[in-house]
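Reading the structure
Below, each chain spelled out in residue letters.
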Amino acid sequence: QNYLDNFWPDLKAAHELFDSITQARRERESESQENHGKEYPEHLPLEILEAGIKSGRYLQGTLNVNKHRAQLEAFVRLQGCGSKDTG
């Protein structure tokens, strides 16, 4: 802001861009604080997921995605199992 004010006071587009970036950053920080520092909100609370895993309703695993064919190829490796479930 100081640089723009001191060296480019008449460059309106740069000042507008700076204001836009500053506003977007504030909004992102505000959302981050609302989500307790998490970039994405959780779909289900942790307690529900843990209970679902213990009851057998949900399965816990690791999603592996092919970086070269991400739209077409991925599989889930279940914990405690040596086999792959594909889908």
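Naming follows an unreviewed UniProt entry, where the chain appears as DI3L1 exonuclease of Neopipo cinnamomea.

Turning next to the overall build of the chain. When its secondary structure is counted, the chain shows three helices and three strands. Along its sequence from the N terminus, the chain presents helices and strands in the succession α-α-α-β-β-β. Here the chain, with 87 residues, has 6% of them falling under the buried criterion. Across the chain, every contact between residues at least 6 apart in sequence was considered, and the portion connecting residues at least 24 apart equals 0%. Accessible surface computed for the chain: about 8200 Å², of which carbon and sulfur atoms make up 53%.

Once that is clear, we can look at a nonpolar patch on the surface. A cluster of nonpolar side chains, namely Y3, F7, W8 and L11, defines an oily patch on the protein surface of about 480 Å² accessible area. For Y3, the position within the fold is in helix α1 (residues 2-7). Assessed through its relative accessible area of 51%, Y3 is described here as exposed.

Applying the stated criterion to the full structure yields one aromatic pair. Each ring, one from Y3 and one from F7, has its centre 5.2 Å from the other, and the planes form 40°; the classification is tilted. Placement of the pair is Y3 and F7 together in helix α1, with a separation of four residues, close to one helical turn. Assessed through its relative accessible area of 58%, F7 is described here as exposed.

A few words now on the pattern of salt bridges. What the rule picks out here adds up to three salt bridges. The partner of E16 in a salt bridge is K12, with the nearest N and O atoms 3.8 Å apart. Here E16 pairs with K12, and both are found in helix α2 (residues 12-34), just four residues apart, close to one helical turn. Taking the relative accessible area as the measure of exposure, K12 reaches 59% and is therefore exposed. Where E29 meets R25, a salt bridge forms, and the shortest distance between an N and an O atom there is 3.4 Å. You can see E29 and its partner R25 sitting in helix α2, four residues apart, about one turn around the helix. Relative accessible area serves as the criterion here: at 41%, E29 is assigned to the partly exposed category.

The subject of this paragraph is the confidence of the model for the chain. Per-residue pLDDT for the chain has a mean of 84; in total, 82% of the residues score no lower than 70. The secondary structure element of the chain with the lowest average pLDDT is strand β3 (residues 84-86), at 48, and the one with the highest is α1, at 94.

Another aspect to go through is the side chain of H15. Positionally, H15 belongs in helix α2. When residues no more than four places from it in sequence are discounted, the contact partners of H15 are Q1, L4, D5, W8 and P9.

Rules behind the numbers
- Residues numbered from 1 in each chain as written.
- Predicted model: local features only at pLDDT ≥ 70, side-chain atom pairs only at ≥ 80, totals over all residues.
- Heavy atoms only, no water.
- Helix = DSSP H or I, 4+ residues; strand = E, 2+ residues; numbered from the N terminus.
- Buried < 20%, exposed > 50% of the residue type's maximum accessible area, 1.4 Å probe, protein only.
- Contact = heavy atoms within 4.5 Å.
- Areas by Shrake-Rupley, 256 points an atom, 1.4 Å probe, with all protein chains shown as cover.
- Patch = residues over 30% accessible without salt bridge, like charges linked within 9 Å, V, L, I, M, F, W, Y side chains within 5 Å.
- Salt bridge = Lys/Arg side-chain N within 4 Å of Asp/Glu carboxyl O.
- Phe/Tyr/Trp six-rings, centres within 6.5 Å; stacked < 30°, edge-to-face > 60°.
- pLDDT = per-residue confidence, 0-100.

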